[in-house]
Amino acid sequence: MRRAAAFFLPLIVVPMLAIAGCATLGIEPGPPLALTQVEHLEYFPYQVKGYQRSYPPRSITVLVPLDQREFVDADTPDHAPEDGKPAIGVVLGRSGGVLQRLYNDPLPELTQRAIGQSAQEAGMVPFLGRGSTYDGKPINTDYVLASKITRGWVVKRRGANGRNGPLWSTSADFALTIVVYKPPFTVPFWQGTTSSTFNDPPVGSFGLGPEDEAGIYDSPGEVLSVALTRAVAGIFQHDDFRTLVRQDQINPR
């Protein structure tokens, strides 16, 4: 029996050493996540309420936004594109290490379509234009909207272990700068900014403890989609922009 016990001892010690090594290297226990993940951002129509049909039916050309997102640590690999797809966020382990890098199809075309959909909800008549800047050339719409994406990032973090396994939280941020022109003038008719930060689950939601707070969305891309949707809708929630459009005298074409 002593010989048998001595024989099985290394089989028990080796897995324990492997687990200890994982902890030393900062590797998360459990099934490993893929190194990269392609998300699918989208605009959620009518998720933001209160501004629908609040604008007169003026026509507006929505140009392709410029992706000029700013990052504090822009030189890290986390923000580098992969296979033509821009980075949009990361998944962090409990130790703070990057478990997964997140990518998406290019943001400008997606955001252009989102602005067009939001303009339609607001009561305007949108057209998707080519290019990103307005140079004063004749264009057959009442307004032209140019924009820049200044923020667009999502972080999913693993927290402590709860009763039902690891606790996760996700935070997403999206922001735009907007310039609206009234052709053929190149002086801005209106300009402003819009931004949205969305946390899933909401911070301190319902006064519950962290173990009783559950996220609404399954993927970090969905959380960033909410932030994008709210930021885009924020364009047409600006009271000063709405007032200008309502008071603007449009000459018949």
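See the structure printed just above.
Residues numbered from 1 in each chain as written. Predicted model: local features only at pLDDT ≥ 70, side-chain atom pairs only at ≥ 80, totals over all residues. Heavy atoms only, no water.

Colleague: When you look at the environment of R151 in this model, what are you seeing that I'm missing?
Modeller: Its place among the elements puts R151 in strand β7 (residues 143-162). Put simply, R151 and S196 are 45 residues apart on the chain and 9.5 Å apart in space, counted from C-alpha to C-alpha. Setting aside residues up to four positions removed in sequence, R151 forms contacts with R69, D173, F174, A175 and S195. At 2.4 Å, the side chain of R151 forms a polar contact with the side chain of D173. (Helix = DSSP H or I, 4+ residues; strand = E, 2+ residues; numbered from the N terminus. Contact = heavy atoms within 4.5 Å. Polar contact = N/O pair within 3.5 Å; in protein donor to acceptor, adjacent residues only side chain to side chain.)

Colleague: Would you explain the nonpolar core in this entry?
Modeller: Nonpolar side chains in soluble globular proteins generally cluster together in the buried interior. With 41 residues, the main nonpolar core has L145, F174, L224, I235, F236 and F241 as its most contacted residues. Elements that contribute at least two residues to this core include exactly β2 (59-62), β4 (87-92), α2 (107-122), β7, β8 (165-181), β9 (190-200), α3 (220-236) and α4 (239-247). Per-element accounting of this core gives the leading share, 10 residues, to α3. Excluding its chain neighbours within four sequence positions, the residues that come into contact with L145 are I60, T61, V62, L63, I115, I178, V179, V180 and I235. Grouped together as the second largest cluster of nonpolar side chains are six residues, A87, V90, L92 and W153 included. (Core = buried A, V, L, I, M, F, W, Y, C linked by side-chain atoms within 4.5 Å. Buried < 20%, exposed > 50% of the residue type's maximum accessible area, 1.4 Å probe, protein only.)

Colleague: Is there a simple way to explain α4 in this structure?
Modeller: Helical periodicity: at 3.6 residues per turn, an α-helix aligns residues three or four positions apart in one direction. Listed in full, the buried residues belonging to α4 are F241, R242 and V245. Down the axis, α4 shows its buried residues gathered within 100 degrees of arc, on one side only. In α4, the exposed positions that point more than 90 degrees away from the buried face belong to D239 and Q247. (Arc of directions from axis to C-beta.)

Colleague: When you look at the side chain of Q112 in this model, what are you seeing that I'm missing?
Modeller: With respect to the helices and strands, Q112 occurs in helix α2. When neighbours within four sequence positions are excluded, Q112 is seen to be in contact with V62, L63, V64, P65, L128 and G129.

Colleague: So what exactly am I meant to see when it comes to the pattern of salt bridges here?
Modeller: Where charged atoms from two side chains of opposite charge come close, those side chains can pair. Counted according to the given criterion, the structure contains seven salt bridges. The partner of K182 in a salt bridge is D248, and the shortest N-O contact between them spans 2.7 Å. Of this pair, K182 sits in the loop between β8 and β9 while D248 sits in the segment after α4, and the two are 66 residues apart along the sequence. The class of K182 is partly exposed, set by a relative accessible area of 21%. Between D239 and R242 there is a salt bridge, with the nearest N and O atoms lying 2.7 Å from each other. Remark: R242 and D239 occur in helix α4; sequence separation between them is three residues, near one turn of the helix. Residue R242 is classed as buried on the basis of its relative accessible area of 11%. (Salt bridge = Lys/Arg side-chain N within 4 Å of Asp/Glu carboxyl O.)

Colleague: Before we go on, may I ask you to explain the side chain of D248 in this structure?
Modeller: The class of D248 is buried, set by a relative accessible area of 11%. Apart from residues no more than four positions distant in its own chain, D248 is found in contact with R58, Y143, K182 and F189.

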